[in-house]
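Residue-level structure breakdown
Each chain, written out:
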Amino acid sequence: VERHGAWVVVDGRRVVSFVVVERRGRAAEILWMASHPEQRRRGHGTLLIQHVFPELRAGGVRLVEVKTLDASAGYEPYDATHAFWQSCGFILIDTIDPLPGWQPGNPSAIYVASL
Ligand SMILES: CC(C)(COP(=O)(O)OP(=O)(O)OC[C@H]1O[C@@H](n2cnc3c(N)ncnc32)[C@H](O)[C@@H]1OP(=O)(O)O)[C@@H](O)C(=O)NCCC(=O)NCCS
(Lines give C-alpha, C1' and ligand atoms only; values in the text may rest on other atoms or scores of the structure.)
Protein backbone atom coordinates (compact mmCIF):
# COMPACT_ATOMS: atom_id res chain seq x y z
CA VAL A 1 0.00 0.00 0.00
CA GLU A 2 1.32 3.39 -1.01
CA ARG A 3 1.18 5.00 2.42
CA HIS A 4 3.03 2.16 4.11
CA GLY A 5 6.71 1.42 3.93
CA ALA A 6 8.58 -1.58 5.28
CA TRP A 7 12.30 -2.11 5.72
CA VAL A 8 14.29 -5.09 6.93
CA VAL A 9 17.80 -5.82 8.09
CA VAL A 10 19.13 -9.12 6.77
CA ASP A 11 22.03 -11.21 7.97
CA GLY A 12 22.76 -13.56 5.12
CA ARG A 13 19.32 -14.86 4.19
CA ARG A 14 17.78 -14.24 7.59
CA VAL A 15 15.68 -11.22 8.48
CA VAL A 16 16.98 -10.02 11.84
CA SER A 17 14.96 -6.81 12.17
CA PHE A 18 11.99 -5.15 10.47
CA VAL A 19 9.95 -1.98 10.70
CA VAL A 20 6.62 -0.95 9.16
CA VAL A 21 5.85 2.77 8.86
CA GLU A 22 2.65 4.56 7.92
CA ARG A 23 2.97 8.01 6.38
CA ARG A 24 0.48 10.76 7.12
CA GLY A 25 1.70 13.77 5.22
CA ARG A 26 4.54 15.38 7.17
CA ALA A 27 4.07 12.89 10.01
CA ALA A 28 4.61 9.15 10.14
CA GLU A 29 3.87 6.40 12.62
CA ILE A 30 5.95 3.33 13.30
CA LEU A 31 3.25 0.66 13.32
CA TRP A 32 5.37 -2.40 14.00
CA MET A 33 9.00 -3.06 14.66
CA ALA A 34 10.93 -5.99 16.06
CA SER A 35 14.32 -7.60 16.03
CA HIS A 36 14.70 -11.38 16.10
CA PRO A 37 14.60 -12.51 19.76
CA GLU A 38 18.03 -14.15 19.43
CA GLN A 39 19.48 -11.17 17.63
CA ARG A 40 18.63 -8.33 19.98
CA ARG A 41 20.98 -5.78 21.47
CA ARG A 42 23.31 -6.10 18.48
CA GLY A 43 22.47 -2.77 16.93
CA HIS A 44 20.15 -4.07 14.22
CA GLY A 45 17.22 -1.93 15.39
CA THR A 46 19.43 1.15 15.54
CA LEU A 47 20.79 0.42 12.08
CA LEU A 48 17.26 0.23 10.75
CA ILE A 49 16.13 3.50 12.33
CA GLN A 50 19.30 5.26 11.21
CA HIS A 51 18.52 4.18 7.66
CA VAL A 52 14.78 4.86 7.69
CA PHE A 53 14.74 8.28 9.36
CA PRO A 54 16.81 10.07 6.69
CA GLU A 55 14.71 8.41 4.00
CA LEU A 56 11.49 9.61 5.62
CA ARG A 57 12.96 13.07 6.09
CA ALA A 58 13.98 13.23 2.44
CA GLY A 59 10.36 12.37 1.63
CA GLY A 60 9.10 15.34 3.65
CA VAL A 61 8.35 13.71 7.01
CA ARG A 62 9.23 15.86 10.03
CA LEU A 63 7.67 14.03 12.97
CA VAL A 64 7.58 10.33 13.80
CA GLU A 65 5.25 8.78 16.35
CA VAL A 66 5.34 5.38 18.00
CA LYS A 67 2.84 3.97 20.48
CA THR A 68 3.84 1.24 22.86
CA LEU A 69 2.64 -0.34 26.09
CA ASP A 70 3.38 2.17 28.84
CA ALA A 71 5.93 1.31 31.54
CA SER A 72 3.19 1.68 34.17
CA ALA A 73 1.74 -1.62 32.91
CA GLY A 74 4.77 -3.26 34.54
CA TYR A 75 5.39 -5.60 31.60
CA GLU A 76 9.10 -6.29 31.92
CA PRO A 77 9.83 -7.32 28.28
CA TYR A 78 8.90 -3.79 27.25
CA ASP A 79 11.62 -2.22 29.40
CA ALA A 80 13.87 -2.89 26.41
CA THR A 81 11.34 -1.30 24.10
CA HIS A 82 11.25 1.94 26.09
CA ALA A 83 15.03 2.02 26.39
CA PHE A 84 15.25 1.48 22.66
CA TRP A 85 12.89 4.29 21.64
CA GLN A 86 14.62 6.65 24.01
CA SER A 87 18.01 5.68 22.62
CA CYS A 88 16.64 6.53 19.16
CA GLY A 89 15.78 10.04 20.34
CA PHE A 90 12.07 9.53 20.96
CA ILE A 91 10.46 11.61 23.71
CA LEU A 92 7.54 10.35 25.76
CA ILE A 93 4.83 13.00 25.45
CA ASP A 94 1.75 11.28 26.83
CA THR A 95 0.23 8.15 28.29
CA ILE A 96 -3.33 7.29 27.26
CA ASP A 97 -5.46 4.60 28.91
CA PRO A 98 -7.44 3.26 27.29
CA LEU A 99 -6.36 4.18 23.81
CA PRO A 100 -9.31 3.71 21.44
CA GLY A 101 -9.03 0.21 20.03
CA TRP A 102 -6.78 -1.04 22.84
CA GLN A 103 -8.05 -3.09 25.77
CA PRO A 104 -8.52 -1.15 29.04
CA GLY A 105 -5.59 -1.75 31.40
CA ASN A 106 -3.05 -1.49 28.59
CA PRO A 107 -1.87 2.10 28.93
CA SER A 108 -0.34 3.41 25.75
CA ALA A 109 2.85 5.43 25.84
CA ILE A 110 2.99 8.02 23.06
CA TYR A 111 6.50 8.74 21.84
CA VAL A 112 7.51 11.27 19.21
CA ALA A 113 10.76 12.08 17.48
CA SER A 114 11.50 15.14 15.40
CA LEU A 115 13.39 14.63 12.19
C1 LIG B 1 12.78 -2.87 20.79
C2 LIG B 1 13.63 -3.73 19.82
C3 LIG B 1 13.04 -3.61 18.42
C4 LIG B 1 15.08 -3.18 19.84
O5 LIG B 1 15.81 -3.84 18.80
P6 LIG B 1 17.39 -4.18 18.92
O7 LIG B 1 17.83 -4.64 17.58
O8 LIG B 1 17.60 -5.12 20.06
O9 LIG B 1 17.97 -2.75 19.28
P10 LIG B 1 19.52 -2.26 19.35
O11 LIG B 1 20.43 -3.42 19.54
O12 LIG B 1 19.77 -1.37 18.19
O13 LIG B 1 19.49 -1.39 20.70
C14 LIG B 1 19.78 0.01 20.70
C15 LIG B 1 19.74 0.56 22.09
O16 LIG B 1 18.44 0.41 22.67
C17 LIG B 1 18.58 0.20 24.11
N18 LIG B 1 18.17 -1.17 24.43
C19 LIG B 1 17.76 -2.13 23.55
N20 LIG B 1 17.46 -3.27 24.24
C21 LIG B 1 17.68 -3.01 25.54
C22 LIG B 1 17.55 -3.79 26.73
N23 LIG B 1 17.16 -5.09 26.71
N24 LIG B 1 17.85 -3.22 27.93
C25 LIG B 1 18.26 -1.94 27.98
N26 LIG B 1 18.43 -1.13 26.87
C27 LIG B 1 18.13 -1.68 25.68
C28 LIG B 1 20.05 0.36 24.40
O29 LIG B 1 20.30 1.73 24.66
C30 LIG B 1 20.68 -0.08 23.08
O31 LIG B 1 21.99 0.42 22.89
P32 LIG B 1 23.25 -0.37 23.56
O33 LIG B 1 23.08 -1.82 23.24
O34 LIG B 1 24.44 0.26 22.87
O35 LIG B 1 23.18 -0.09 25.02
C36 LIG B 1 13.67 -5.21 20.28
O37 LIG B 1 13.98 -5.25 21.67
C38 LIG B 1 12.36 -5.96 20.08
O39 LIG B 1 12.12 -6.52 19.00
N40 LIG B 1 11.47 -5.98 21.11
C41 LIG B 1 10.18 -6.67 21.03
C42 LIG B 1 9.22 -6.03 20.07
C43 LIG B 1 8.95 -4.58 20.39
O44 LIG B 1 8.93 -4.14 21.52
N45 LIG B 1 8.72 -3.81 19.32
C46 LIG B 1 8.37 -2.41 19.41
C47 LIG B 1 6.92 -2.31 19.75
S48 LIG B 1 6.37 -0.63 19.69
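Residues numbered from 1 in each chain as written. Predicted model: local features only at pLDDT ≥ 70, side-chain atom pairs only at ≥ 80, totals over all residues. Heavy atoms only, no water.

**Digging into the packing of aromatic side chains**
Put simply, the test is: Aromatic pairing here means that ring centres of Phe, Tyr or Trp (its six-membered ring) are within 6.5 Å. Orientation follows from the plane angle: under 30 degrees is stacked, over 60 is edge-to-face, and everything else is tilted. Three labels apply to residues, based on accessible area from a 1.4 Å probe with only protein chains included: buried if under 20% of the type maximum, exposed if over 50%, partly exposed otherwise in between.
Counted by the stated rule, this structure contains 4 aromatic pairs. Centre to centre, the rings of W85 and F90 are 5.2 Å apart; their planes meet at 70°, and the pair counts as edge-to-face. Judged by relative accessible area, W85 falls into the buried class, the value being 5%. Through a chain of ring-to-ring contacts, the aromatic side chains of F53, F84, W85 and F90 assemble into a single cluster.

**Some points on the site of the ligand**
The condition that has to hold: Residues are labelled near a given molecule or strand when at least one of their non-hydrogen atoms is within 4 Å of it. Distance and chemistry together define a polar contact, namely a pair of N or O atoms within 3.5 Å, with one atom able to donate a hydrogen and the other to accept it when in protein, and with adjacent residues in sequence counting only for side-chain atoms on both sides. The Shrake-Rupley method, run with a 1.4 Å probe, gives the accessible areas here. Residue values count only the displayed protein chains as cover. Where helices and strands are cited, they refer to DSSP runs of H or I of at least four residues and of E of at least two residues respectively, numbered from the N terminus. Under the convention adopted here, Pro, Cys and the residues Ala, Val, Leu, Ile, Met, Phe, Trp and Tyr are nonpolar, Asp, Glu, Lys and Arg are charged, and Gly plus all remaining residues are polar.
Taken together, the neighbourhood of the ligand is formed by 19 residues, with M33, S35, R41, T46 and T81 sitting nearest. Note that an oxygen atom of the ligand is positioned 2.5 Å from one of the side-chain N or O atoms of T46. Taking 940 Å² as the accessible area of the ligand by itself, protein coverage stands at 73%. In terms of residue count, helix α2 (residues 77-87) provides more of the shell around the ligand than any other element does, 7 residues in total. Here the residues of the shell around the ligand are counted per class, giving 7 nonpolar, 8 polar and 4 charged.

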